[in-house]
Amino acid sequence: MTDRRRGEKTDAVDPGRRRFLKGVGLAGASAAIIDLIEPEMARAETPKDSVQPSPDGTLEITLLVNGQRRTARVEPRTTLLTALREYLDPPVTGPKLVCDMGTCGACTVLLDDAPAYACLVLAVDAIGKKITTAEGLGTPDRMNPVQRAFVEKDALMCGFCTPGFVTAISALLRKNPRPTLEEIREACQGNFCRCGTYPRVFEAALMASAASDRAEE
Amino acid sequence: MKRFEWTAPTSVAEAVELLRSAPSFADPDEAPRPFAGGQDLLTTMKEYILRPSRLVNLKAIRGLDRIQGDGKRGLRLGALVTLARIEENPIIKRDFPALSDAARSVASPQIRHLGTIGGNLCQRPRCWYYRLEEVVCLKKGGTQCYAASGENKYNAILGGGPSYIVHPSDLAPVLVALGASVAIAGPEGERVVPLEKFFTLPSEGSIRRENILRHDEIITEIQVPASRFAARSIYLKFKERASFDFALASVAAALELDRDRTVRQARLVLGGVAPIPWRVPKAEALLVGKRIAPDLLNQVAEAALEGARPLAHNGYKVPLTQALIRRALTQLAARA
Amino acid sequence: MIQQQPAKKKRKVLVPRVENGIERMVEIEVEDEGGPSWGPNNAHKLLNHHLVRVDGPVKVTGIAAYTYDRHLPGMLYGRILRSPHAHARVVRVDTSQAQRMPGVRAIVNLAERGNYVVRFMGDPVAAVAATTPEIAEDAIRAIKVEYEELPHVVRADEAIKPDAPKVFPEGNLEEKERRGDLAKVEAELARCDVIVEAEYRTPTHHHACLETHGHVVDYRGGDRAVIYASTQGTFTILSDAAKELGLPQSAVVSIVEHMGGGFGSKFGIGIEGKLACQLAKQARAPVKLMLTRKDEFLLAGNGPGSWQRFKAGATRDGTLVALRATQYQMGGLGDGSLAGQPYIYTARHFYRERIAVHTHEDAARAMRAPGHPQASFAIESLMDELAYKLGMDPLEFRKKNLRDPVYHRQLDRGAREIGWQRRPKEPGTGRGMGCAVGTWGGGGAPQCKVTVQIARDGTVGVAVGTQDIGTGTRTFTRAIVAEELGLNIRDVVERIGDSRLGAANASGGSTTAASLAPAVKDAAYNARMQMAQVIAPLLGAKPEELQFADGKVSSGGKSLTWRQACAALPLAGITAQGEWKANLAASGVHGVCFAEVEVDMETGHVRPIKMVHVQDVGLPLNRLAIESQLIGGMIQSLSMALLEGRVMDARLGVQLNPHFGDYKLAGTFEIPEMIPIIDDEDPRQAVIGVGEPAHIPGGSAIANAVFNACGVRVRELPITPDKILQGLAEQRRRA
């Protein structure tokens, strides 16, 4: 989904506006569940029957996580973060539960390629969205440039904030491959680290930026 | 979070009906809530400040996320337009720069990606007594504003009493300065209200709310009129922590200058210092017909904070806000 | 292992012991034998180099398994019901409604036996385990508790008054130390050329570990249990877990594979761990009980606040002659900690009284250099005030009153690095510099038992029960073994964080590296000696003639590749044990920090521009990780200087900021240019821990830089814009 700069002529004043993903959601779920449509219609239309909970208040949802369709039975109040970490089996634990209030960034995931706090998204509201976590960006054998740079520059200590930083910076570099230091600070001002790795994180982001330049050449 | 019913209407009328027909509630904090980005609402629900029985997801309704118009025609922003889109929109940046500034100043990229303009205007106060489940303060149906005589360094210096919250929105001061209105849909149809009349002081409206929106109403659109001062506008926000924080004080300012740089029209609205975006007409009037100069700036800053009544720990907000006013106006006047 | 042992000699060494968060040095006698030594610091192949963290790849890809990430079949979710009051008697607890909720599987009522008094907001009252996190949350809210509120006191200023509500029957004040001749000090003060009388305060801080405290207790009935713990001490939770589960300690295993930060707050199982065990025992099912963030703020300990009053005097030549200090340490229900004044400085005459003040707040715990940052902020501010009053360069004034030449060396180095000569002589320019000094023990102790195994296929494993709390323990453990055997760091696999793998000390007092590294070195050395015995005949050499280097074992002109050599090992390979060796560790470090800041004279905003920390570390095991630690220490101290502090409402007795949005940590926009410097002039060829010293002087350096920049002396942390604006307003009034 790198179409946000393509500038579809959908609205007089909003050429940069991103197009939305329409999720067919549960009921009409078929193999091809993603479809690009025009923004005015671009509601993540949750089919009516998907919001009809069973008597115990739970409902079955399907999430698109790191390219895989994953199903779980959750409550409407279950956050995306809790759904990923505690309801999927096996769980997706890259996003960490730290503040649970959208104030620390450790649970950062990409929703349709833009960073979001998974603790401030309801799982039912993430149906039909493309969800990417640190696990989806790379594996120890095939790390993405940001992950490689984090290891190389020692941009982690205890590592609990790290998947969130990696995700936020990966999102930044997709949108802005040559960020300045200020832009890097801005992109992860909503991510906090207690061990104090920030300067290393900045170095890693700059290194990854340079690496992606080389890859494109 | 308390259990709730999740509904996803596809039309405004259906949404209003879902809000109106929700199970009866004993306390306004248990009223059903419209749900957009959820970036503030979910935090209040996790702390059991708000305990809605039903959430009405607005994101399946078509047309609520449009950005239309420009500086000449005026701007119409659907309530669901995200802060990230406002921040990045080149026409808003050109014709309504303060709005761009304000959107960019909010929280973090993660919040701005999902947070909407409607939600930003309706977010609840940050006062830590209000935000703590264990404290039943005046705004939660209790009998006291504990901030009034407690830890009040972040609280109101203007317009306070009996509650001393400050309005946390960054977009609100700008939109008030630019003369914006909100379109509100309810059971009786739609009404359009100037934003200045939308927000209510604790001493005027209900102490439990910060605006006139009823529980069965939703904001559908924010309308910013074309004006001669919108293009020369700015939003300055001062945060205690430079990273991800709310305003200790902020200033939205807009000027129309004559060719000889004298001020023809001025708008000055303060944020972070009062329970509502605090417009200072007397300070605005001082600017009209004059050129921006240090002496004038001092007079304007004095006038703007004239009515300030600091509490025990927030007197610093007076010189801080005055400094922001001088800077905002200096920067505006310096623009080509 | 056959080895020529020299005659055993005894020698005495000083090792640190941490008790109640206070470190003391204890003399122990050790055998002084031959055996491994590190050799010159500049002659290492791997150690003292920049080594990339070996657990980096699993952490950056999100697959490292922290305690919070454990997911067991049939696992229940535990939650704790906390007191909303600072002080109250629990009259009645009604769990009947919670019992009936579908999905609730266990309930523990701490007040069951009656006469239960809660003594701080957040004090646990009950706990539940349920099939989902949401149901567990509903269940604790379904428990109805009736409280009889009792008078509380949460402020030190109030607590010291004679008529204050009593936290303990004996009262709220507890004298910890009284030292020096007060009359003499008063007499000397009368003869000083300049006097400063001032008081300094630091608030309660929070460790704010990103992974909250908690455990996953894998117990389904039966005679065994595994406890996954987010702890700084793999071995500190076994006895309590066994007791709660009613099992023999040897039937309980603790696992700490990866751990999301501790900073001194995670020793022992804690109330949350005991409750998790009780719930698991009741439900006969695994229970995951991780504290919520609000729990973490309210009941998982904190770094104690301080309140210190001084009268100090110096003579015109810059000699600190006399100092009188009253030091209150504010540990809530606990003692707190505070290093005695005049801390690292030499005062010819001093008198100090150190008193614990109790309040209705949860007990403070050890926090990264317990008692030192608080002592440092006060004394370094005081030293600065004296220097300005004397009209002396604060750096020169410090050197005049520091005897240890290492401080002089480090201060000179730091001054060069920050450009101290550019410092404005008169405060008030909006930009300024400050400096400060610290000290720490950081030695090791004989607790670790390490095993190194070499298999016939050439693979090498090193195992020990220790935990890596984010400091890089895994990496140096591998590196030591690899270097000893002449291998690459990737050729060794470490297994740690499991109580079955051999004893290890807890990570407190910066003692992990200095305790573990010698034992790893010893085990690797012993493995090499054993291997040499086998290989030497193949090369026609004596065992002591063999060289292990570059993936080869060689002697004279002959060599075998590592794999060839290992193929000659017996079927079971080699297993060697290692223990701590006193000659491989040292203790006692210095450390100085310099800071440059900009202060906005109209808004009071402080922008850090640059920080420099110079630290002696003995043998730097891994320069990259040590530099990261120094940076991390500077950032934490910056954060505490400018932003952090618990805020209590005195009337309600509640903490007003038990969330990350309101308890503010430094973020990306607070971070200045940071220069971590390892002081390589330290001649010691031995390992010393550095986690703590990096956290001591930074905040003081920032505070002094703020004064140099704007002329406002903020004597209470954090240094926020409101205080600076207030100070500037007072300045104008005086002018």
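Residues numbered from 1 in each chain as written. Chains lettered and ligands numbered in written order. Predicted model: local features only at pLDDT ≥ 70, side-chain atom pairs only at ≥ 80, totals over all residues.

### So, the overall build of chain A
Put simply, the rule reads: Counting from the N terminus, the helices are the DSSP runs of H or I reaching at least four residues and the strands are the DSSP runs of E reaching at least two. Note on burial: count the other C-beta atoms lying within 10 Å of the residue's C-beta; 20 or more is buried, 12 or fewer is exposed, in between is partly exposed, and C-beta positions come from the backbone. Residues are treated as contacting if the C-beta atoms built from their backbones sit within 7 Å of each other.
Helix and strand counts for chain A stand at six helices and seven strands. Along chain A, helices (α) and strands (β) appear in the sequence β-β-β-β-α-β-β-β-α-α-α-α-α when read from the amino end. Burial status across chain A gives 61% buried among its 217 residues. Counting only contacts in chain A whose residues sit at least 6 apart along the sequence, the fraction spanning at least 24 positions is 56%.

### Regarding the interface of chain A and chain C
The criterion, for reference: For this classification, the nonpolar set comprises Ala, Val, Leu, Ile, Met, Phe, Trp, Tyr, Cys and Pro, the charged set comprises Asp, Glu, Lys and Arg, and every other residue, Gly included, is treated as polar.
Taken residue by residue, the interface counts 49 residues in chain A and 47 residues in chain C. For the side of chain A that touches chain C, the elements supplying multiple residues, two or more each, are α1 (80-87), α2 (134-137), α3 (145-153), α4 (162-175) and α6 (198-216) of chain A. Residues that form the side of chain A that touches chain C fall into these classes: 24 nonpolar, 14 polar and eleven charged.

### Section: the environment of Leu63(A)
Tracing the sequence through the fold places Leu63(A) in strand β3 (residues 59-65). Not counting chain neighbours up to four residues away, the residues in contact with Leu63(A) comprise Arg70(A), Ala83(A), Ala126(A), Ile127(A) and Ile131(A).

### A closer look at the sheet that holds strand β17 (residues 349-358) of chain C
Residues and elements named next belong to chain C. Which entries qualify depends on this criterion: The criterion for strand pairing is that DSSP finds at least two bridges linking the strands in question. Axis angles are defined between N-to-C directions and span 0 to 180 degrees, where every axis is a line fitted to C-alpha atoms and, for a helix, only to the segment in contact.
Sheet architecture is open: five strands sit in the order β9-β17-β16-β15-β10, paired in mixed fashion. Two strands bound the open sheet, and with one partner strand each, they are β9 (173-179) and β10 (194-202). Across the sheet, the mean angle separating the axes of adjacent strands is 10° when strand polarity is ignored. Alignment of β10 against strand β15 (residues 305-314), held across nine bridges, turns out to be antiparallel. Each residue of the ladder has a partner; that of Ala198, found in β15, is Phe310. Along the sheet, helix α5 (residues 182-190) contacts β10, β15, β16 (320-332) and β17; its crossing angle with β16, the most-contacted strand, is approximately 125°. Contacts from helix α9 (residues 372-390) reach β10 and β15 within the one sheet, and its direction differs from that of β10 by about 150°.

### Remarks on helix α11 (residues 405-418) of chain C
Residue and element names in this part refer to chain C. Rules: Each helix should span, by expectation, one fewer than its residue count multiplied by 1.5 Å. Note: the arc covers the axis-to-C-beta directions of the helix.
Compared with the 20 Å implied by 1.5 Å per residue over 14 residues, the 20 Å span of α11 between its first and last C-alpha is a close match. Within the span of α11, buried status applies to Tyr407, Gln410, Leu411, Gly414, Ala415 and Ile418. Angularly, the buried residues of α11 cover 135° about the axis, an arc narrow enough to put them on a single face. Residues of α11 that are buried make contact with α10 (394-400), β18 (431-437), β26 (592-599) and β27 (606-615). Immediately downstream of α11, the backbone of Gly419 shows phi near 80°, a positive value.

### Comments concerning the sheet that holds strand β20 (residues 460-463) of chain C
Strand pairing within a sheet occurs via backbone hydrogen bonds; the two strands may be parallel or antiparallel. Residues and elements named next belong to chain C. Spatial ordering of the open sheet is given by β21-β20-β19-β25, a layout of four strands whose pairing is mixed. Each having just a single partner strand, β21 (492-495) and β25 (574-578) make up the two edges of the open sheet. Across the sheet, the mean angle from the axis of one strand to that of its neighbour is 20°, orientation sign disregarded. Sheet analysis places strand β19 (residues 450-454) next to β20, joined by four bridges and oriented antiparallel. Bridge pairing links Ile454 to Val460 in β20. The sheet contacts of helix α12 (residues 473-485) involve β19, β20 and β21, and relative to β21 the element is tilted by about 140°. Taken strand by strand, helix α13 (residues 512-535) contacts β19, β20 and β25, and its axis lies near 145° from that of β25.

### Things to note about the packing of helix α12 (residues 294-304) of chain B against helix α13 (residues 317-334) of chain B
Residues and elements named next belong to chain B. Condition: An angle below 35 degrees is treated as roughly parallel, one above 145 as roughly antiparallel, one from 65 to 115 as roughly perpendicular, and anything else as oblique. It is the rotation of the near helix from the far one that decides the hand of a crossing: anticlockwise by less than a right angle makes it left-handed, clockwise makes it right-handed.
Across the interface, α12 lies against α13 with an axial gap of 9 Å and an inter-helix angle of 135°. Taken together, the axes of α12 and α13 are oblique relative to one another. Along this stretch, α12 crosses α13, giving a crossing that reads as right-handed. Each of Leu297, Val300, Ala301 and Ala304 in α12 lies in contact with α13, whose residues at this interface are Gln322, Ile325, Arg326, Leu329 and Thr330. Each residue belonging to the contact of α12 with α13 can be placed in one class, and the counts come to six nonpolar, two polar and one charged.

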